[in-house]
Amino acid sequence: MANSKSDYFGLSWIVSLILAIIPVTSWLCGAITRLMEGKIVAFIIRLVFGFTIVWILDLVFMIINKSIFRILPV
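Residues numbered from 1 in each chain as written. Predicted model: local features only at pLDDT ≥ 70, side-chain atom pairs only at ≥ 80, totals over all residues. Heavy atoms only, no water.

1. A word on unusual backbone geometry
Filter applied, for reference: Secondary structure counts use DSSP, requiring at least four H or I residues in a row for a helix and at least two E residues in a row for a strand, with both numbered from the N terminus. Buried means the residue's accessible area, taken with a 1.4 Å probe over protein chains only, is under 20% of the maximum for its type, while exposed means over 50%, and partly exposed covers the values in between.
With a phi close to 55°, Phe9 is a non-glycine residue in the positive phi region. Among the structural elements, Phe9 can be located in the segment before helix 1 (13-21). What makes Phe9 partly exposed here is its relative accessible area of 41%.

2. Remarks on the packing of helix 3 (residues 40-49) against helix 4 (residues 53-64)
Each pair of packed helices gets described by two things: the angle between the helix axes and the distance between those axes. Heads up, the rule is: Fitted lines through C-alpha atoms give the axes, limited to the stretch in contact for helices. The angle between two N-to-C directions lies from 0 to 180 degrees. Between 65 and 115 degrees an angle is taken as roughly perpendicular, under 35 as roughly parallel, over 145 as roughly antiparallel, and anywhere else as oblique. Contact criterion: two residues are considered in contact whenever any of their non-hydrogen atoms come within 4.5 Å of each other. Lys, Arg, Asp and Glu make up the charged group, whereas Ala, Val, Leu, Ile, Met, Phe, Trp, Tyr, Cys and Pro make up the nonpolar group; the residues left over, Gly among them, are polar.
At a minimum axis separation of 7 Å, helix 3 and helix 4 run at an interaxial angle of 110°. The angle between the axes of helix 3 and helix 4 places the two elements in the roughly perpendicular class. Here helix 3 contributes Ile45, Arg46 and Phe49 to the contact with helix 4, which in turn contributes Ile53, Val54 and Asp58. In terms of residue class, the contact of helix 3 with helix 4 is built from 4 nonpolar, no polar and 2 charged.

3. Focus: the packing of helix 1 against helix 2 (residues 23-37)
Two elements in contact, helix 1 and helix 2, have axes whose closest approach is 5 Å; the angle formed by their N-to-C orientations is 115°. Taken together, helix 1 and helix 2 sit at an angle that is classed as roughly perpendicular. Contacts between helix 1 and helix 2 involve Leu19, Ala20 and Ile21 from the former and Pro23, Thr25, Ser26 and Cys29 from the latter. Partitioned by chemical class, the residues of the contact of helix 1 with helix 2 number 5 nonpolar, 2 polar and no charged.

Just distances and angles here, no functional claims.
Below, the structure is given as structure tokens:
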């Protein structure tokens, strides 16, 4: 199995995708993940716009790139 980077707390891509589909868990997991990475601006943007634009971008990026939307470079 290839060594791939997962997004939500080290979970597999399929579990992260399921969590990204549900708006509440996507908002919560995305905000916590950004806070753990030390990306305060991304954390605040996710808190403010989490249920709208960022949620849709998370879904698109999770399906296409197998990675959640990154506002700031990794």
